[in-house]
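Architecture at a glance
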Amino acid sequence: MSTSKVAGATAPEYQHFIPQFMLRNFAHKYDRKTDGAKRRRGGNKNNKHPGEHVVNNVNLEVEPFAIEETKVKRILGRYDMYQDTSLSGPQQREVESLLGKLESQVSPIFRRIIKTSEKGEQGLWLTRSEMDTIRRFMFILKYRGPTFYQRFANHSRDTYNFNDREPLLAYMDKKKLERPIDVWFEGLKAIMKLEMGEEGWKERIRQDMYEWDAAWFLSMYEKFYMAICTPEDPRDEFILTDNSHNVFEGPQALTVHPLTGELQDGPWSNFHEFCPVSAKLMIVLRSVVLPVPEEDADPSIAAMRAEWRKQSIDDVYMSPQTSILADLPIRKARNNYTELVAGQLVFSSDMDPNDLRRHKFCLSLFPNKTRHVNIINHLLFDNAYAGSTIVFRTREAFLRTLEWYMTVPCIYGKVVAFNHQKQRRRLLTGLAALLKSLGFTKEAIWEEKSVPRNRVYSLNPIWQIFAKIRVMRKRDRLAPEPDPPLYYCDDESVTSLEEDLEQADRMLNLRIKIDVWSQGVPYNIRHQARRWLVDAYLRCHSRRVLFFVKRLRFMLQTMPDPTSHGVEDLIASALYRKMPARKLNRLMYTTMLNEVEVVQPNLKPVMQKAIGSSMEETRLLGQIYKYAFGLPGSIKDCGIPEIEDLVLKNSEKTQNFTYVESFYAFNRHDQIELSTRALVKKNFKKVMAARVESRLLDELEAVFFTLSYPTFDIDFAL
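Residues numbered from 1 in each chain as written. Predicted model: local features only at pLDDT ≥ 70, side-chain atom pairs only at ≥ 80, totals over all residues. Heavy atoms only, no water.

For the rest of this paragraph, the subject is the overall build of the chain. Helix and strand content of the chain: 26 helices and 22 strands. Going through the 718 residues of the chain one by one, you find that 55% of them count as buried. Intrachain contacts of the chain at a sequence separation of at least 6 include 72% that bridge at least 24 residues. Total accessible area computed for the chain in this model is approximately 33,300 Å², and 52% of it derives from carbon and sulfur atoms. (Helix = DSSP H or I, 4+ residues; strand = E, 2+ residues; numbered from the N terminus. Buried < 20%, exposed > 50% of the residue type's maximum accessible area, 1.4 Å probe, protein only. Contact = heavy atoms within 4.5 Å. Areas by Shrake-Rupley, 256 points an atom, 1.4 Å probe, with all protein chains shown as cover.)

Inspection of the secondary structure assignment puts Glu-211 in helix α8 (residues 211-222). For the buried Glu-211, no salt bridge exists, and the shortest N-O distance to an oppositely charged side chain is 5.2 Å, to Lys-174. Excluding residues within four positions of it along the chain, Glu-211 makes contact with Tyr-171 and Trp-532. (Lys, Arg positive; Asp, Glu negative; His and termini not counted. Salt bridge = Lys/Arg side-chain N within 4 Å of Asp/Glu carboxyl O.)

For helix α2 (residues 94-118), spanning 25 residues, the distance from its first C-alpha to its last is 36 Å, which sits close to the expected 36 Å at 1.5 Å a residue. Its maximal kink placed at Val-106, α2 deviates by approximately 25°, while the proline Pro-108 follows within four residues. Just past α2, the residue Gly-120 takes up positive phi, approximately 80°. (Expected span 1.5 Å × (residues − 1). Bend = angle between axes of the 7 residues up to and from the residue.)

Moving on: the nonpolar core. Here is a general trend for soluble globular proteins: nonpolar side chains tend to be buried in one another's company. Core analysis: the biggest nonpolar cluster contains 136 residues, and Phe-110, Trp-184, Leu-575, Ile-643 and Phe-704 have the highest contact counts within it. When sequence neighbours within four positions are dropped, the list of residues in contact with Phe-110 reads Phe-21, Met-22, Ile-134, Phe-137, Val-277 and Ile-283. Ile-239, Tyr-385, Phe-398 and Ala-432 belong to the second-largest nonpolar core, a separate cluster that totals 38 residues. (Core = buried A, V, L, I, M, F, W, Y, C linked by side-chain atoms within 4.5 Å.)

With an omega dihedral of -5°, the bond running from Glu-63 to Pro-64 counts as a cis peptide bond. Non-glycine residue Leu-76 carries a positive phi angle of around 55°. By the element assignment, Leu-76 lies in the loop between β5 (66-71) and β6 (77-79). Residue classification places Leu-76 among the buried positions, given a relative accessible area of 4%. Even without a glycine there, the phi angle at Arg-577 is positive, about 65°. Residue placement: Arg-577 occurs in the loop between α19 (567-575) and α20 (581-598).

Attention now moves to the side chain of Asp-84. Inspection of the secondary structure puts Asp-84 in the loop between β6 and α2. For Asp-84, a relative accessible area of 6% gives the class buried. One polar contact links Asp-84 to Arg-179, side chain to side chain, over a distance of 3.1 Å. Aside from chain neighbours lying at most four places away, what touches Asp-84 is Gln-92, Arg-179, Asp-182, Phe-185 and Lys-189. (Polar contact = N/O pair within 3.5 Å; in protein donor to acceptor, adjacent residues only side chain to side chain.)

This paragraph deals with the environment of Thr-241. Mapped onto the fold, Thr-241 is located in strand β9 (residues 240-241). Put simply, Thr-241 and Ile-390 are 149 residues apart on the chain and 4.8 Å apart in space, counted from C-alpha to C-alpha. The contact partners of Thr-241, leaving out residues within four places of it in the chain, are Ile-18, Leu-380, Ala-384, Thr-389 and Ile-390.

Attention shifts here to the packing of helix α4 (residues 146-153) against helix α6 (residues 180-193). One way to put it is that α4 packs onto α6 with a least axis distance of 7 Å and a crossing angle of 140°. When the axis of α4 is compared with that of α6, the two are oblique. Of the residues in α6, those touching α4 at Phe-148, Tyr-149, Phe-152 and Ala-153 are Pro-180, Ile-181, Val-183 and Trp-184. (Axes fitted to C-alpha atoms, helices over the stretch in contact; angles between N-to-C directions. Parallel < 35°, antiparallel > 145°, perpendicular 65-115°, else oblique.)

Our focus in this paragraph is the packing of aromatic side chains. Counted according to the given criterion, the structure contains 28 aromatic pairs. Aromatic side chains Tyr-537 and Phe-548 sit 4.9 Å apart centroid to centroid with 70° between the ring planes, which places their arrangement in the edge-to-face category. Placement of the pair is Tyr-537 in helix α17 (residues 523-537) and Phe-548 in helix α18 (residues 542-557), with a sequence separation of eleven residues. Taking the relative accessible area as the measure of exposure, Phe-548 reaches 4% and is therefore buried. Between the aromatic rings of Phe-704 and Tyr-709, the centroid separation amounts to 5.2 Å while the plane-to-plane angle is 45°, which identifies the pairing as tilted. Considered together, Phe-704 and Tyr-709 belong to a single accessibility category, that of buried residues. In this structure an aromatic cluster arises from ring pairing among Phe-139, Tyr-143, Phe-148, Phe-152, Tyr-160, Trp-201, Trp-216, Phe-217, Tyr-221, Phe-248 and Trp-268. (Phe/Tyr/Trp six-rings, centres within 6.5 Å; stacked < 30°, edge-to-face > 60°.)

Right, let's get into helix α26 (residues 694-708). Taking 1.5 Å of rise per residue, 15 residues should cover 21 Å, and α26 covers 19 Å from first to last C-alpha, within 8% of that figure. Considering bend angle alone, the principal kink of α26 is centred on Leu-700 and spans about 25°. Among all positions of α26, only Leu-696, Leu-697, Leu-700, Glu-701, Val-703, Phe-704, Phe-705, Leu-707 and Ser-708 are buried.

What follows covers the confidence of the model for the chain. The predicted model of the chain has a mean per-residue pLDDT of 80, with 77% of residues at 70 or higher. Every residue in residues 5-9 scores below 50 in pLDDT, and together they form six contacts with partners more than four places removed in sequence or on other chains. (pLDDT = per-residue confidence, 0-100.)

Before going further, it helps to spend a moment on the packing of helix α11 (residues 370-382) against helix α12 (residues 395-407). For the pair α11 and α12, interaxial distance at closest approach is 10 Å and the crossing angle is 75°. As the angle between them shows, α11 and α12 are arranged roughly perpendicular. Contact with α11, carried on its side by Asn-374, Ile-375, Asn-377, His-378, Phe-381 and Asp-382, involves Phe-398, Thr-401, Leu-402, Trp-404 and Tyr-405 of α12 and no other residues of that element.

For the structure on display, the rule yields 34 salt bridges. Asp-84 is paired through a salt bridge with Arg-179; the nearest N and O atoms lie 3.1 Å apart. Of the two residues, Asp-84 sits in the loop between β6 and α2 while Arg-179 sits in the loop between α5 (165-175) and α6, which places them 95 residues apart along the sequence. You can call Arg-179 partly exposed: its relative accessible area is 26%. One salt bridge connects Arg-305 with Glu-295, and the closest N-O pair in it is separated by 2.8 Å. Taken together, the residues span a long stretch of sequence, with Arg-305 in helix α10 (residues 299-317) and Glu-295 in helix α9 (residues 293-296) at a distance of ten residues. We classify Arg-305 as buried; its relative accessible area is 6%. Sharing partners across several salt bridges, the network here consists of Glu-295, Asp-296, Arg-305 and Lys-332.

Another aspect to go through is the environment of Glu-249. In this fold, Glu-249 is placed in strand β10 (residues 248-249). Residue classification places Glu-249 among the buried residues on the basis of a relative accessible area of 3%. In the structure, Glu-249 is positioned 24 residues away from Glu-273 in sequence and 6.5 Å away in space, judged by C-alpha atoms. Ignoring anything within four residues of it in the chain, the contact list for Glu-249 reads Ser-269, Asn-270, Phe-271, His-272, Phe-274, Ser-323, Ile-324, Leu-325 and Leu-379.

Here Ser-323 shows up in the loop between α10 and β15 (334-335). On the basis of relative accessibility, which here comes to 11%, the residue Ser-323 falls in the buried class. Counting along the chain gives 53 residues from Ser-323 to Asn-270, while the straight-line C-alpha distance between them is 9.4 Å. Once residues within four sequence positions are removed from consideration, Ser-323 is found in contact with Glu-249, Phe-271 and His-272. A polar contact of 2.7 Å, which involves the side chain of Ser-323, links it to the side chain of Glu-249.

Take a look at the structure:
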């Protein structure tokens, strides 16, 4: 169970984020004779009783760190963390009740895995339903762990300031939720109530929980396969920490705070994730971007996997990335609906691959060398700085792996740098002192250094310019403004610049993560995820959207000079506060993306070609179509009042223009759109003269009809 009750009807409950049935796999029965703790009158430390389940652990909350025995009932949990105080009566305990049901489903499966290991057997068969139950449970362990809980529980709507602030607040508005913690409760319930065997369950989970966390769950389901590791050497054991289920192995980049220069978390990618089942068993999730030999025997699958990896990993970090566990000896589970023929997987002739209820999977237990056990423990140790305890089974195995961790060269981590420096340093110095107090003499090793520049994504130059403008404006109101005037330097934006810059960084990081998570997902789902994200972003203040667009353009074009003036700056300078903010935001965003497209090979020549009927010309027409209509939409919805009025007044005229034979490939609707743009172009300066400064008008016209709403030089008979 996840709960330990305290006496009294209204007393708080100690509720576990790692359930007791898992903790008992690391536990032993308390023996007062072996307890070195000082006795207290009327009982012993933590009121432990002979025969009660306790776990060995390093208490990271005391100075100095101490090895203790703690009751299973009182470790790795919090009081009332699942109590929904916005509800009344029994409804407050709905999450706790659902957790109990899920744990009662997964506990027998884990017991079977443990029994299989204890018998020395090499694996066991599980149904698809059982595999799905494990996956739901693993996500719940991640979602209810300290990382997620603190993200939601310690913030109000106003103070929530993570990189998904805008889409989260939009979701709260949509669902009429008042607190971020309500999003968390809703997500927990949605996963625990989910029936993954029902048709349409993926769409249902997207509707029932916060879409970005739903995308994370689906990513774990679709892009990772499950394997079980066990130490080959009986002396080796795995450890357990507060945030074990939030630890990943894979590359991580950093960003630079625009004003303070401090390093912050940036894009990250997970090759492996972990779920300690016991000291002898570790469930590992491995990303499908890593090689799968039995599948990669098919050249088309191997090529597709290589492209996934390039787009989702290497392109993000601008260099090839490797996994420190690439040689971990695991593989995908065998199943009963495929078979290996000539080194390739094919569907079995006597099994319907679509009959999911009959699917079974053989989960093998893969023996791991001491090196691999130590590397996995290393990853858990490295991330323990954010937690309160390190749980272990036996003292001998723990001290052996801890000594290795503290004395091995820093090739896997142990670097005190960028954020969380104090916590990381405290963990390492505390563990070093603990080893020394126990008689270990080897010198502890860790590094304190700056991070190589090729691991840092920064737009420092442009942010420094913005910061200088801010300082100048605050210091001297008579100082000349930049030319052209930047709208984000008005009085209102001076006070919010730092927040806008920070949020723009987070917006870009989240966009990168969504692209990474959605690799391999069907195109329509991936496109919808991007559209949801953009729609949420475009509801932000235009200052923030401008910074996001500049960051995105810098990344897509790999610009050598991030301070360069872009089309988004022109649009902002000319039209800020002269059209609805959300439509201004979309205009900046789509115009920038079309600028990125138009500089790609062949697009400019395409715009000058006459369209014929050959295969190549058909392909070129497709490129034109994407450029002209894919992003911009219709000019009648551009958001500029004068233009929308002009279109409305001439709608009958544009509906009845003379057909243009040279553009036969475009349908009637698109030809009407092109004729409308041609009409607007002829009258643009006339209708916009009173709204846009004269010095910006020519440049705005060129950008507007080349990038925002591409208009071809065709003589429509209007």
